[in-house]
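# Fold and geometry: a report
Okay, here's what each chain looks like letter by letter:
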Amino acid sequence: MDNNIKNTEDTSLTFANLALALANDYTSLFVINTDDSYVEFSPVGCNKELKITDSGDDFYSAVPHNCRRLVYKEDQQYFLNTFKKENVIRALENGHSFSITYRLMIDGSPRYFFLKTIKSGNGTIIIGVQDIHEQKMREEIAETYSHIAGALASRYEVLYYVNIETNEYKQYSASTEYAKLGTATQGKDFFVDARKDIAEHIHNSDAAYLLHELEKDRLLDTLHHSGSATFSYRMLLDGRQQYMSMVVVKPKNDDRHIVMGVLNVDEQMRHENMLASDSRTFGNIALALAQRYEVIYHVNTVTNEYTEYSASEEYSKLRVGAKGSDFFAESLRNMETDIYPDDRPMMREAVQKERLMKNLEKYGKTFLNYRLMLGGKPQYVTLYAVRPKDITDHIIVAVANVDSSKRMELAYYDAIDMANRDSLTGVKNKRAYAQMEMDIDKQINSRKDIEFAVIVCDINGLKNINDTKGHKTGDEFIKNACRMICTTFTHSPVFRIGGDEFAVILKGSDYDERVGLMEQLGSKLDACLCNGTRVLAGGISEYDPEKDIRLQDVFERADAFMYEDKKKCKA
């Protein structure tokens, strides 16, 4: 022990050097002398003071024994085959560092660690071991959600991701036939490019209709009132005219973009057209609506009398007869048992005659998305109301079961949303922060008049809690600290950008009240000390258009203020 320590002291390596090496939270540090004797250091306590925890005469001879004792069984052979003296020396002699990722058994469970070697000028080798388990788990979760989102998106011929503020867009084509059309994979103005593509590829009979529905203001108005929009049309694909269906939705928690997916429904539509041509039962209804609806009502808007046409045995069980005297009154009465309770208040208001007729007068048609109780469980349906052309005293109301597609759509957007969220705290993650950073940088570069501030918060004492009380307690500590931030800045996005680091981007009312909100956070922290220290250190900085050219400039100032606050907390 004493000889090894003396050998280490004879080198130019000092504890200051070691502290620099531990800047990335290494859990262990090995110093290997030229004669292969070694000393192991570990950071201990809140200040991460380096303490000698082990030593020996031959580091590489001790590796197999320690590997079988500490390394996860499935990784042992890989570790021993890779971490050999000759491999380490060869890498260092070639001017490279040597690194390896593996799992150690910690408290009975495998955790990912990262080992890296560097060589000092006098031949001494330093090996640092870093705990990367949380980062590895986040990467695996993000990859899983990415695969889910990709699988759900593959059913579409093409997807468009459109920025409704700038009209810029990206196109993702899952269809070889669609990709052959030569449409751009991205562009500066979706609505301009769409008009060109419609003129070139869409059937003449459908082009005017599609141009009308995809006019930007009209489309956004439809999305505002209905939440989604669907258009069916024919286009030249793979050398023949095929029926397509375009679905347009707004992503959850994103007011700047819309997502447009194009489905090939040619086989389905041709089958429906064949049924329509063989049947005269539906009359005007068949001409106005596609046959995919479960039940259709032909309503006299003067007398309120109606006729019901049901193509589904399940829907015929609803307490609405084949004919009735007052469509609106019976609908209000039946919804108390037939509609999912959470959707009843919305539907009571939406199917009032005056409101429904006003919407039809303004938009020509209306959509209502809600859930019906069918077979004892809620199922998503869409009600579509339209006034047939040249008919003034009747409307057609149709109900389609969209449960399967709606749940697939919800799963798709949940997958996207989860990929942007931190699995431990539920707030946005570093990936979401990077996306917002790009959006704000674009606004700065376009010289838009914007106001925002960045708050950087860092948890105090997390390492000590993890070391003394375990990572489960540490996770609760992180969540409690996050909760303080979220309950203070309630109108601003909160991001977990590191293991113990959070960022908040203040806009709107939170930006206007930033001074008071920072004082509120300080009061909360003073009332909830941990070992006599504030749970968080924080710093804030406002965007200054005179000197800031990117969000990172604002972040770095806030980060510097945070470190000043952290010094005060430790003092």
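Heads up: these notes are all about the structure in this document. (Residues numbered from 1 in each chain as written. Predicted model: local features only at pLDDT ≥ 70, side-chain atom pairs only at ≥ 80, totals over all residues. Heavy atoms only, no water.)

This part covers the overall build of the chain. Looking only at helices and strands, the chain features 23 helices and 22 strands. Across the 571 residues that make up the chain, the buried fraction comes to 45%. When contacts within the chain are restricted to residue pairs at least 6 apart in sequence, those whose partners lie at least 24 apart make up 49%. When the accessible surface of the chain is summed, it comes to about 30700 Å², and 49% of that surface belongs to carbon and sulfur atoms. (Helix = DSSP H or I, 4+ residues; strand = E, 2+ residues; numbered from the N terminus. Buried < 20%, exposed > 50% of the residue type's maximum accessible area, 1.4 Å probe, protein only. Contact = heavy atoms within 4.5 Å. Areas by Shrake-Rupley, 256 points an atom, 1.4 Å probe, with all protein chains shown as cover.)

Our next topic: the sheet that holds strand S16 (residues 365–374). Reading across from one edge, S15-S14-S13-S18-S17-S16 is the order of the six strands in this open sheet, with antiparallel pairing throughout. Unpaired on one side and paired on the other, strand S15 (323–324) and S16 mark the two borders of the sheet. (Pairing = 2+ DSSP bridges.)

Looking now at the sheet that holds strand S22 (residues 536–542). The strand order across the open sheet formed by four strands is S20-S21-S19-S22, and the pairing between neighbours is antiparallel. Both edges of this open sheet fall to strand S20 (494–496) and S22, since each of them pairs with a single strand only. Within the sheet, the average angular offset between the axes of one strand and its neighbour, ignoring direction, is 20 degrees. Here strand S19 (residues 453–459) runs beside S22; their pairing, made up of seven bridges, is antiparallel. Opposite Ile455, over in S22, you have Ile540 as the bridge partner. Running over the sheet, helix H22 (residues 514–526) touches S19, strand S21 (501–506) and S22 and is turned about 175 degrees from S22. The sheet strands contacting helix H23 (residues 551–570) are S19, S21 and S22, and the helix crosses S22 at an angle near 145 degrees. (Axes fitted to C-alpha atoms, helices over the stretch in contact; angles between N-to-C directions.)

Turning next to helix H3 (residues 59–70). Taking 1.5 Å as the rise per residue, H3 with 12 residues should run 16 Å; its terminal C-alpha atoms sit 15 Å apart, in good agreement. Listed as buried for H3 are Phe59, Tyr60, Ala62, Val63 and Cys67. Down the axis of H3, the smallest arc covering the buried residues is 145 degrees, so these residues share one side. Opposite the packed face of H3, turned more than 90 degrees from it, sit the exposed residues Ser61, His65, Arg68 and Arg69. Where H3 is buried, its residues contact strand S1 (26–32), strand S2 (38–44), helix H4 (73–82), helix H5 (85–93) and strand S6 (125–131). For H3, the N-terminal capping position is held by Asp58, with its side-chain oxygen 3.3 Å away from the main-chain nitrogen of Tyr60. (Expected span 1.5 Å × (residues − 1). Arc of directions from axis to C-beta. Polar contact = N/O pair within 3.5 Å; in protein donor to acceptor, adjacent residues only side chain to side chain.)

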